[in-house]
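Read off the chains here:
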Amino acid sequence: MGVSEQNGAAARQAHDHVCTHGRLDPAALIEAHIAAETAAHQQRLAALRADVQRFTRLTQARAGAPDGAPDAVTVLPDKAAVHALLEAEAARCRHEVIACQPGDVSRNPANLEPALARDRALLERGIRMRTLQQHSVRFHGPTQVYIAAATALGGEYRTAHELFGRLIVFDDTVAFLPTDSTSWGAVVVREPHLIAYLRGIFEQTWTHATAFSDPTAPGAEGLEQAARDIDATLLRLLASGLKDETIARRLGMSLRTVRRHVANILERLGAESRFQAAVIATRTGLLDTPTT
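Residues numbered from 1 in each chain as written. Predicted model: local features only at pLDDT ≥ 70, side-chain atom pairs only at ≥ 80, totals over all residues. Heavy atoms only, no water.

(A) The arrangement of the overall build of the protein chain in detail. Helix and strand content of the protein chain: 10 helices and 8 strands. For the protein chain, the proportion of its 292 residues judged to be buried stands at 43%. Long-range pairs, those at least 24 residues apart, make up 73% of the contacts in the protein chain with a sequence separation of at least 6. (Helix = DSSP H or I, 4+ residues; strand = E, 2+ residues; numbered from the N terminus. Buried < 20%, exposed > 50% of the residue type's maximum accessible area, 1.4 Å probe, protein only. Contact = heavy atoms within 4.5 Å.)

Written as structure tokens, this is what we have:
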């Protein structure tokens, strides 16, 4: 049974519990509300992933047409091959780069210096560059410095509590997607319809994401809003019964950071358990706070 099915089952069980007992049980109502909301969110994400997989299968069937053009879909086997092609496509780029960079990899300090050099070369040529990252990067000092430097050159950055997956698109002509393996390879897509679909997903997420601003600037609210979003999302994920390891992957945090957040939330709400924290948060309206 998948996560969305489990959440849907939990929602139905909670609803049946309320109806069977013939009375309005506040705890059961809250559990039903949280489970239903989590199930709906998981179903939307699953639908997006299924659509991407469906398009990938279609383009793979069309790849390798004997007209001398590059294959519609190509799999690069390792990190070296990916970096070589990324550099080549960056050099060919003439208009825009869009990227979605969830997780911890983009915040590795060893990756930031070469990334800034690559970004600088693009931005100085007048290339528009937009990047989505997760809220958690706002609390990472080296990434703050990197984004401040890239923003000064014209780069645009926004964050959200959850992202749809790793993606880089150059000029709407070539897209890089992750493989399922641990080899750090990539799936290179050149099929126009699939690239347009991927851009649509990016644009939808970009519209609802929060602009990254200097947390020390007067009137800057991004950091505080991101912290609220992270706490609200953590409560929802905890209430759905996800393990700390899964939550860490979903939010782009380390396991230690997730557990520290959970402990802080329990203490702040005066809760003795994760479910009790979700109940308190629902009663006080914390879970009604819209997240981006």
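(B) Structural detail: the pattern of salt bridges. By the definition in use, this model includes 12 salt bridges. As a salt-bridge pair, E96 and R128 come within 3.9 Å of each other at their nearest N and O atoms. Of this pair, E96 sits in strand β2 (residues 96-100) while R128 is found in strand β3 (residues 128-134), placing the two residues 32 residues apart along the sequence. Residue E96 is classed as buried on the basis of its relative accessible area of 14%. (Salt bridge = Lys/Arg side-chain N within 4 Å of Asp/Glu carboxyl O.)

(C) Expanded view of the packing of aromatic side chains. In the structure shown here, the tally under the stated rule is 3 aromatic pairs. Pairing Y146 with Y157 gives two aromatic rings, centres 6.2 Å apart and planes at 75 degrees, and the pair type is edge-to-face. In this pair, Y146 is assigned in helix α5 (residues 141-152) and Y157 in strand β4 (residues 156-160), connecting sequence segments 11 residues apart. Their ring planes at 20 degrees and their centres at 5.7 Å tell us that F202 and W206 sit as a pair that is stacked. In this pair, F202 and W206 are both assigned in helix α6 (residues 192-208), 4 residues apart and thus about one turn of the helix distant. By the burial criterion, F202 is buried, and W206 matches it. One residue, R130, lies across the ring of W206, its end atom 5.2 Å from the ring centre. (Phe/Tyr/Trp six-rings, centres within 6.5 Å; stacked < 30°, edge-to-face > 60°. Lys NZ or Arg CZ within 6 Å of the ring centre and 35° of its normal.)

(D) Fine view of the side chain of D119. Locating D119 in the fold gives a position in helix α4 (residues 109-124). We note that D119 is buried and unpaired, the nearest opposite charge coming from R118 at a distance of 4.6 Å. Within the structure, the side chain of D119 is placed 2.4 Å from the side chain of Y146, a separation counted as a polar contact. In this view, D119 contacts M129, Y146 and Y157; residues no more than four positions away in its chain are not counted. (Lys, Arg positive; Asp, Glu negative; His and termini not counted. Polar contact = N/O pair within 3.5 Å; in protein donor to acceptor, adjacent residues only side chain to side chain.)

(E) Molecular detail of the nonpolar core. Judged by nonpolar contacts, the single largest core of 27 residues is most densely connected at V97, Y146, Y157, I168, F170 and F176. If you tally residues by element for this core, the top one is α4, at 5 residues. Excluding residues within four positions of it along the chain, Y146 makes contact with L112, A115, L116, D119 and Y157. (Core = buried A, V, L, I, M, F, W, Y, C linked by side-chain atoms within 4.5 Å.)

(F) Inspection of the pairing of strand β7 (residues 186-189) at higher detail. Residues of β7 alternate between two faces, with A186 and V188 on one and V187 and V189 on the opposite face, all of them buried. As paired elements, strand β1 (residues 73-76) and β7 share 4 bridges and run antiparallel to each other. When the bridges of β7 are listed, L76 appears paired with A186. Pairing geometry for strand β6 (residues 174-178) and β7, over 4 bridges, is antiparallel. Across the sheet, F176 pairs through a bridge with V188, a residue of β7. (Pairing = 2+ DSSP bridges.)

(G) A look at the packing of helix α9 (residues 255-269) against helix α10 (residues 274-283). The contact between α9 and α10 brings their axes to 10 Å, and the two run at 55 degrees. On the basis of the axis angle, α9 is oblique to α10. The element α9 and its partner α10 pack so that their crossing is left-handed. Where α9 abuts α10, its residues V262, L266 and L269 lie against R274, A277, I280 and A281. (Axes fitted to C-alpha atoms, helices over the stretch in contact; angles between N-to-C directions. Parallel < 35°, antiparallel > 145°, perpendicular 65-115°, else oblique. Left-handed = near helix turned anticlockwise from the far one by under 90°.)

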